[in-house]
Amino acid sequence: MGITVVKVLVGGGMPTPLFILPLIVAGLLLGFIGPIFERGLIKFVYGRDETFQLLLTFAIVMMIEDIIKFIWGTSPQTTGGIDMVYGQLNVLGATVPVYNLIVIGCSFAIAILIGYILLNTRFGRIIRATADKREMSEALGINMTWVYVKVFTLGTILGTLGGALVIPAGAAVSEMGVELIVLAFAVVVIGGLGSMKGALVGALVVGILKSIAISTFPEIEMLTIYIIVIVVLVIKPQGLFGGGRV
Amino acid sequence: MRIPWEATSLKNFRIVVLVVVSLFLLGLPLFTGQFISYLMLTFFAYAITVVGFNLLFGYTGLLSFGHALFMAVGAYTAAFLTSRFSVLYMEVILIVSVIVASILAALIGTICVRYIKIYFAMLTLAFGMLFYTFLLKFYYLTGGDEGMRVLRPYLLGFNFSEVPKMQFLTGSYYLYTFVILAILMFVMWKIISSPFGLCLKAIRDNPEKAEYLGVSVRKYRWYAFVISGAYAAIGGALLAPAIGQVDPGLTYWTHSGTLVFMTLLGGFENFFGPLIGGIVYIFLQDKIMSLTQYWRFIFGGILAFIVIAAPGGIAGVISSLAKRRKS
Amino acid sequence: MNEATGRMILSAQDLHKHYGEFCALGGVSFQINEGEFVSIIGPNGAGKTTLINVLTGLLKPNQGKVFFKDMEITGIGPERLSKLGLARSFQLVNIFPNFTVLEFLMVAIVSRLGKGKNFFSSLLRDQEVTGEALEVAELFGLGEKKDVLTKNLPQGDKKMLDVASAFALHPEVILLDEPTSGVSTSDKNKIMETLVSASKKIGIKSIIQVEHDMDIVFSYSDRIIALHQGKILADGAPETIEKDEEVVCTVVGQKECFKIFSSILNREG
């Protein structure tokens, strides 16, 4: 479920082209839009078929896309090379903007943080328990509603943050939402649903393959992603580390 | 949600309603403007597609988010045959579309039907977008984002090139498309009421139990996938001459989303639901697009509303009102 | 039950199944012959449902094989299984909620008659299918409810329908997972009688059931297999089993032991 959530908001995170630190803050704050959506809309569909959840997600994406268009207009927004402000470094023979390294560093930090939360804190354990057996958890007295809200918020924050961080390195387009959804899905599929390790590996794989595609055949960048999704789903539906049923 | 169709009096009533509606639709161009007739024409094409789509969604329980792909296949086949190969016989175009789409659906289906729900939806979306990228990038073949022109076809061998465009579309072509829609709907009705249809519904309601009763879930889903793909291709091929130009946007995920929307809006549990959804959508979209450029927001809102409050769509609402009236 | 002909019809060979570290089946072997009515008993968690799932090909065992007559059927999956002549009913009712009773049964019949691929023929006008569906419904006491939606049936009828649909497949062997659970004691015998007479009528060669009610087990079985913690505790005729203290107490629980022994004593005395 959290996956669907992240998908929605990755698209939403993009319209905040500001300066570097405020960027992160804005990303975090926007994440709190999440609970509004969750309480207001998504909670109605939990009991239903998963496909309805997916549909609702898409409905929200559509609405957000237009909201974005409304507020910021339709032409792509960029940050005008702000990412170069930190200068560049020479790493293993290639010039890399320091900004990119910062983003990579941030991602690792966040990944470790989330991993820690899931494994070692009480909250984390509750999340894992409810993912596994919802009714049991309720029977044990865990307030499901609150858990959902918190998870959704977390997912949203991650989404908006990710979106915000990505922008300086590229441009922001209102249709980004879908592409990012497919990428996020590809990451989850490759890594396997329900596995943190897998998500990390999946992200790496997707990122690397995407870069390779861009440098060799720029036209088929997205094509590669779709093909990867298809190939992975065909060969190993559980992904590399996942254990879920398909 | 079930209405006993077997009850004869109800059945006769329904047949009368059907006949009246059909006559109305047939005669529509005679008493409305060309624009409305044109919209209805596009509705017929979408109706065929969406009826096929609902075989997969409403009756077999599989949500495909890439169904526009098959519509695009049909449309591009029409474009190819008319402008590149100068084949203008509509019947040939239809048959070729069906063959191409069926082969494609057979291949894609083999991969997709192993998966369920979200995975199936995303896989079909991926395939749809794959085709989009293909259409876009291979512009030598497909005309890229400008697309390809569709020339006016011969209907049943008759050449209509002398007739002005709108008159052709709202006259002979309108009739032609309507007849095909009627035939295909009859066929679909037969399919649904057949033993095959029963097996599909069983798979939708409880795939495990169906499997234990000897119904191969994967195989039947595959059949449904191919049939619905063929229907979509026919719809696309019929739509092509009406819009005159085909472009990759036909298989973009939002177009697939439109098909889903139409089906949901009208009601996927009812045979005529998708049709109701189709008509409402087409006319609604036309109205709203002329009012604001933020139509996506409104449609997103409508979709959200349907999913939350009225999952049975318009048909569902009508049917529950009727039930309440009875009690 | 029909005359036991002694021909092997279903056999399990050294079945092992574990979920991670938990061992559900630790080497289960037995052979069932034509004409036998076998009951599988055991406390909860003994592995009974896992055994049924493995026997019916829903689960692949980590080790071991299942044979149907002379064919290996380990893990072939429920669909192929039903085509070979094995059917199963479920402990937790497994139904098509939006189908009428008749439609439910028609699925099984359509599948058996191989009519599933008929795209164009009308189901309702197919006398063969509808006629037979009605017969089966009446055989199981659901004839009057033929047009009722399954989800509106009382729980006991839902169970019967689940079982009836398995019977409608005309299998040679049928596996019933707790057919009388959730049913009041007075109705249990009625259900068992229905099952037995239906089997005779349809020509089912062997019945295997998982059952908790010891009265039913002892009244109807030709043979009892007792399962405990994934292993077979005992396998034999009812008379042998009921004298086996260990089996009875394990399966039934200490508190029940006294009741059973006193009833056995009363019978013998």
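Cut-offs and rules
- Residues numbered from 1 in each chain as written.
- Chains lettered and ligands numbered in written order.
- Predicted model: local features only at pLDDT ≥ 70, side-chain atom pairs only at ≥ 80, totals over all residues.
- Helix = DSSP H or I, 4+ residues; strand = E, 2+ residues; numbered from the N terminus.
- Contact = placed C-beta atoms within 7 Å.
- Buried ≥ 20, exposed ≤ 12 C-beta atoms within 10 Å, placed from the backbone.
- pLDDT = per-residue confidence, 0-100.
- Nonpolar A, V, L, I, M, F, W, Y, C, P; charged D, E, K, R; others polar.
- Expected span 1.5 Å × (residues − 1).
- Bend = angle between axes of the 7 residues up to and from the residue.
- Pairing = 2+ DSSP bridges.
- Axes fitted to C-alpha atoms, helices over the stretch in contact; angles between N-to-C directions.
- Parallel < 35°, antiparallel > 145°, perpendicular 65-115°, else oblique.
- Left-handed = near helix turned anticlockwise from the far one by under 90°.
- Core = buried A, V, L, I, M, F, W, Y, C linked by C-beta atoms within 7 Å.

(A) Representation of the overall build of chain A in the model. When helices and strands are counted, chain A shows 11 helices and 2 strands. Moving toward the C terminus, one meets the helices and strands of chain A in the order α-α-α-α-β-β-α-α-α-α-α-α-α. Nonlocal contacts in chain A, meaning residues at least 24 apart in sequence, comprise 67% of its contacts between residues at least 6 apart.

(B) The arrangement of the overall build of chain B in detail. What chain B contains, in helices and strands, is 14 helices and 2 strands. With respect to the three principal axes, the spread of C-alpha positions in chain B is 55 × 45 × 40 Å. Across the 327 residues in chain B, those meeting the buried criterion constitute 51%. Counting contacts in chain B only where the partners sit at least 6 residues apart, residues at least 24 apart contribute 78% of the total.

(C) Geometry of helix α1 (residues 48–55) of chain C. Residue and element names in this part refer to chain C. By the criterion of burial, α1 is predominantly enclosed, with 7 of the 8 residues buried. Along α1, the residues classified as buried are K48, T50, L51, I52, N53, V54 and L55. Remark: G57 follows α1 within two positions and exhibits a positive phi of approximately 75 degrees.

(D) View of the confidence of the model for chain B. Looking at chain B as a whole, its pLDDT mean stands at 84, while 96% of the residues score no less than 70. Taken element by element, the predicted model of chain B shows its lowest mean pLDDT in helix α6 (residues 139–142) of chain B (74) and its highest in helix α10 (residues 217–243) of chain B (92).

(E) The arrangement of the interface of chain B and chain C in detail. At the interface, 21 residues of chain B touch 29 residues of chain C. A total of 6 residues in the side of chain B that touches chain C trace back to one element, the largest contributor, which is helix α8 (residues 195–205) of chain B. For the side of chain B that touches chain C, a count of residues per class yields 10 nonpolar, 5 polar and 6 charged.

(F) Structural view of helix α7 (residues 165–192) of chain B. For α7 of chain B, built from 28 residues, the straight-helix expectation of 40 Å at 1.5 Å per residue is met to within 8% by its first-to-last C-alpha distance of 37 Å. By the largest-angle criterion, Y173 of chain B marks the main kink of α7 of chain B, which is about 45 degrees.

(G) Broad picture of the sheet that holds strand β2 (residues 22–33) of chain C. All names here are of chain C. Taking strand neighbours across the sheet as the criterion, the 4 strands line up as β2-β1-β4-β5 in an open arrangement whose pairing is antiparallel. Looking at strand neighbours, the two that pair on one side only are β2 and β5 (71–72), the edges of this open sheet. Relative to β2, strand β1 (residues 8–19) runs antiparallel, the two sharing 9 bridges. What sits directly across from Y19, in β2, is F22. Together, β1, β2 and β4 (63–68) form the strand contacts of α1, whose direction differs from that of β2 by roughly 60 degrees.

(H) Broad picture of the environment of T49 of chain B. Residue and element names in this part refer to chain B. Position of T49 relative to the elements: it lies in helix α2 (residues 34–57). Taking the number of C-beta atoms within 10 Å as the measure of exposure, T49 has 30 and is therefore buried. Remark: the alpha-carbon pair of T49 and Y231, spanning 182 residues in sequence, is separated by 5.5 Å.

(I) The environment of E178 of chain C, seen in detail. Residues and elements named next belong to chain C. By the secondary structure assignment, E178 is in the loop between β7 (173–177) and α6 (185–202). A tally of 20 C-beta atoms within 10 Å means that E178 is categorised as buried. Separated by 30 residues in sequence, E178 and V148 place their C-alpha atoms 24 Å apart. Excluding residues within four positions of it along the chain, E178 makes contact with Q91, V210, E211 and H212.

(J) Looking closely at the packing of helix α3 (residues 101–112) of chain C against helix α5 (residues 155–167) of chain C. Residues and elements named next belong to chain C. Two numbers describe how α3 lies on α5: the axes approach to 8 Å, and their chain directions differ by 30 degrees. For the element pair α3 / α5, the angle class is roughly parallel. Relative to α5, α3 is oriented so that their crossing is right-handed. Where α3 approaches α5, its residues V101, F104, L105, V107 and A108 are matched on the opposing element by L161, A164 and S165. When the residues that make up the contact of α3 with α5 are grouped by side-chain class, the tally is 7 nonpolar, 1 polar and no charged.

(K) Here's a closer look at the nonpolar core. One finds A59 of chain A, A75, A126 and C199 of chain B together with L105, V107 and A164 of chain C to be the most contacted residues of the largest nonpolar core, which totals 186 residues. With 16 residues, the single largest contributor to this core is α10 of chain B.

(L) Unusual backbone geometry, seen in detail. All names here are of chain C. Even without glycine at this site, D14 takes up a positive phi of about 50 degrees. Summarising the element assignment, D14 is placed in strand β1. The phi torsion at E178 lies on the positive side, around 50 degrees, for a residue other than glycine.

(M) Main features of the confidence of the model for chain A. All names here are of chain A. Confidence in the prediction of chain A, expressed as mean pLDDT, is 56, and 7% of residues score 70 or more. Within chain A, the lowest mean pLDDT, 43, falls on helix α1 (residues 2–12), and the highest, 70, falls on helix α11 (residues 221–235). When the criterion is pLDDT under 50, residues 168–172 qualifies, and its contacts beyond four places in sequence or with other chains add up to 16 contacts.

(N) Here's a closer look at the packing of α8 of chain B against α3 of chain C. Here α8 of chain B crosses α3 of chain C at 110 degrees, and the two axes come no closer than 10 Å. As summarised for this structure, α8 of chain B and α3 of chain C are arranged roughly perpendicular, according to the angle between their axes. Relative to α3 of chain C, α8 of chain B is oriented so that their crossing is left-handed. For the pair α8 of chain B and α3 of chain C, the contacting residues are P195, L198, C199 and A202 of chain B in the first and E103, M106, V107 and V110 of chain C in the second. In the contact of α8 of chain B with α3 of chain C, the residues fall into 7 nonpolar, no polar and 1 charged.

(O) The arrangement of the sheet that holds strand β3 (residues 37–41) of chain C in detail. Residue and element names in this part refer to chain C. Strand order in the open sheet made by the 6 strands is β6-β7-β8-β3-β9-β10, with mixed pairing throughout. Edge strands, defined here as strands with exactly one partner in the open sheet, are β6 (86–89) and β10 (231–236). On average, each strand axis in the sheet is tilted by 15 degrees relative to the strand beside it, whichever way the strands run. Those strands touched by α5 are β6 and β7, and its axis lies near 180 degrees from that of β6.

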